[in-house]
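In case you want the letters, here they are:
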Amino acid sequence: WVRTGTGIGVKKVRLALPDFGTVNAATQPPGQVANQALFNKVLWDDLEYSGVIEMVSKSFYPLPSTWPSQPGQLAGKQQQWTASPVNAAMIAFGNMTASGNSLSVSGWLEDLTNPAAPPMLSKVYQGPATTQGARQLAHEMADDIVAMLSGGVPGIAQTHIVYSHQIGNIAELWVMDYDGEDAHQITHLRTESLTPRWSPDASEIAFTCFVPYRGVISAQVCLYAMAANRVLYFPRFAGTTPSPSWAPG
């Protein structure tokens, strides 16, 4: 049982998060160090932003040479992490390896107060060997950890924000991660794209665009498909049809 919460008088779970290492650094390609550092930072920030976990400062940790990157390296050493000044109840750790164009992260979450129990989380995350790939893997693991320590409430690290960004007389749709990173433009209509709304399954975005209909430019409803990475055809009508919304699924 894990007691957690954000209300007054309820203690948050104290979590230690040593940096993820590399099993065999000599075989890793150039750029792996940067992706690894980015993964470590994003994972820490995601868990700290969650509001349901108290992150233990790394300044309290044992020597870095003792930080685990595999389960066997933690065996018999739990007291180093539960004793003062660390006082951690949980520890998340793991390692990252790169092979060709792919990244693989092996991650674990263990209850330091119950060494005999199996890991609460034991999972391999895979993605492209890019900065976006490293960020995505960190978001995925953060959401899994938050779900474990919040009583099943999913994390928000994998959510995205869509917004209208205007430059001059042109407004295009942009998407960014929940933390404001990886912002990128998705529409190139060279018109005003406004009032974006995610579909319930986040596969499409409905928005207001100003496009011609029978020679008249007016506000119409447009659709953008995330998987196809393009604007879909949508019926146009005479007059003004702005500010779309989605009915509950």
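Starting from 1, residues in each chain are numbered consecutively following that chain's sequence as written. Thresholds applied to this predicted model are a pLDDT of at least 70 for local features of residues and 80 or more for the giving and counting of side-chain atom pairs; totals over whole chains, interfaces and linings are not thresholded and use all residues. Water and hydrogen atoms play no part in the side-chain values, which are based on all heavy atoms of the structure.

Q: Sorry if this is basic, but what is going on with the sheet that holds strand β11 (residues 216-225) here?
A: Between any two strands, pairing holds if DSSP finds at least two bridges. Helix numbers and strand numbers start at the N terminus; a helix is a DSSP run of H or I with at least 4 residues, a strand a run of E with at least 2. Strand order in this open sheet of four strands is β9-β10-β11-β12, and the pairing throughout is antiparallel. Either end of the sheet is taken by a strand with one partner, and the two such strands are β9 (193-198) and β12 (230-232). If you compare each strand with its neighbour and ignore which way they point, the axes differ by 40° on average. The angle between two axes is taken between their N-to-C directions and runs from 0 to 180 degrees, where each axis is a line fitted to C-alpha atoms and a helix contributes only its stretch in contact.

Q: What is the right way to look at unusual backbone geometry in this model?
A: Glycine aside, the phi torsion of most residues is negative, and most peptide linkages are trans. Looking along the chain, the bond that leaves Ser84 and enters Pro85 is cis, with omega of 10°. With respect to the helices and strands, Pro85 occurs in the loop between α2 (78-82) and β3 (90-99). Positive phi outside glycine occurs at Asn87, with the angle close to 55°. Residue placement: Asn87 occurs in the loop between α2 and β3. We note that Thr195 has phi near 45°; this positive angle belongs to a residue other than glycine. Topologically, Thr195 is positioned in strand β9.

Q: So what exactly am I meant to see when it comes to the packing of aromatic side chains here?
A: How two aromatic rings sit relative to each other is given by the distance of their centres and the angle of their planes. We call Phe, Tyr and Trp rings a pair once their centres come within 6.5 Å, taking the six-membered ring for Trp, and we label the pair stacked below 30 degrees between planes, edge-to-face above 60, and tilted otherwise. Counting across every chain of the model gives five aromatic pairs. Here the aromatic rings of Phe93 and Trp108 are separated by 5.7 Å at their centres, their planes lie at 25°, and the arrangement is stacked. Taken together, the positions of Phe93 in strand β3 and Trp108 in strand β4 (residues 102-111) put the pair 15 residues apart, joining distant regions of the chain. Think of it in three bands: with a 1.4 Å probe and only protein chains considered, a residue is buried below 20% of the maximum accessible area for its type, exposed above 50%, and partly exposed in between. Owing to a relative accessible area of 0%, Phe93 belongs among the buried residues under this scheme. According to the relative accessible area criterion, Trp108 is buried, its value standing at 14%. Members of the aromatic cluster, each reached through a chain of ring pairs, are Tyr61, Trp67 and Trp81.

Q: Where do I start with the nonpolar core in this structure?
A: Soluble globular proteins tend to pack their nonpolar side chains together in the buried interior. Grouped together as the largest cluster of nonpolar side chains are 43 residues, with contacts concentrated most on Leu47 and Ile145. Of all the elements in the fold, those that place two or more residues in this core are β1 (13-16), α1 (32-49), β2 (53-55), β3, β4, β5 (121-128) and α3 (131-149). The greatest single-element share of this core, amounting to eight residues, is contributed by α3. Definition used in this section: a nonpolar core is a set of buried Ala, Val, Leu, Ile, Met, Phe, Trp, Tyr and Cys residues joined via side-chain atoms within 4.5 Å. Listed in part, the 10 residues of the second largest apolar core include Leu173, Val175, Phe207 and Cys222.

Q: Which parts of the structure should I look at to understand the sheet that holds β3?
A: Strand pairs in the sheet, formed through backbone hydrogen bonds, run parallel or antiparallel to each other. Strand order in the open sheet formed by five strands is β2-β1-β3-β4-β5, with mixed pairing between adjacent strands. Here the strands that pair on one side only, and so sit at the sheet edges, are β2 and β5. Across the sheet, the axes of successive neighbouring strands diverge by a mean angle of 25°, strand direction being ignored. Across three bridges, the pairing between β1 and β2 is parallel. Its bridge partner being in β2, Arg14 is matched across the sheet by Glu54. Each of β1, β2, β3 and β4 touches α1; the most contacted strand, β3, lies at about 150° to it. Note on definitions: a residue-residue contact is assigned when non-hydrogen atoms from the two residues lie within 4.5 Å.

Q: Explain the pairing of strand β10 (residues 204-213) to me, please; I cannot follow it from the model alone.
A: Where a strand is regular, its side chains alternate between the two sheet faces. Sheet analysis places β9 next to β10, joined by four bridges and oriented antiparallel. Looking at β10, one finds that Leu194 is bridged to Thr208. The antiparallel hairpin formed by β9 and β10 contains five residues in its connecting segment, where Ala202 sits at a positive phi of about 60°. Pairing of β10 with β11 involves 10 bridges; the strand directions are antiparallel. Along β11, the bridge assignment pairs Cys209 with Gln220. The antiparallel pairing of β10 with β11 creates a hairpin that spans two residues between the two strands, and Arg214 there sits at a positive phi of about 55°.

Q: For this particular structure, what's the right way to read the pairing of β3?
A: A large share of β3 lies buried, amounting to eight of its 10 residues. Summarising the sheet, β1 and β3 pair through two bridges and their orientation is parallel. Among the inter-strand pairings, Ala16 is bridged to a residue of β3, identified as Ile91. As paired strands, β3 and β4 are joined by 10 bridges and run antiparallel to one another. Bridge assignment links Gly94 to a residue of β4, and that residue is Gly107.

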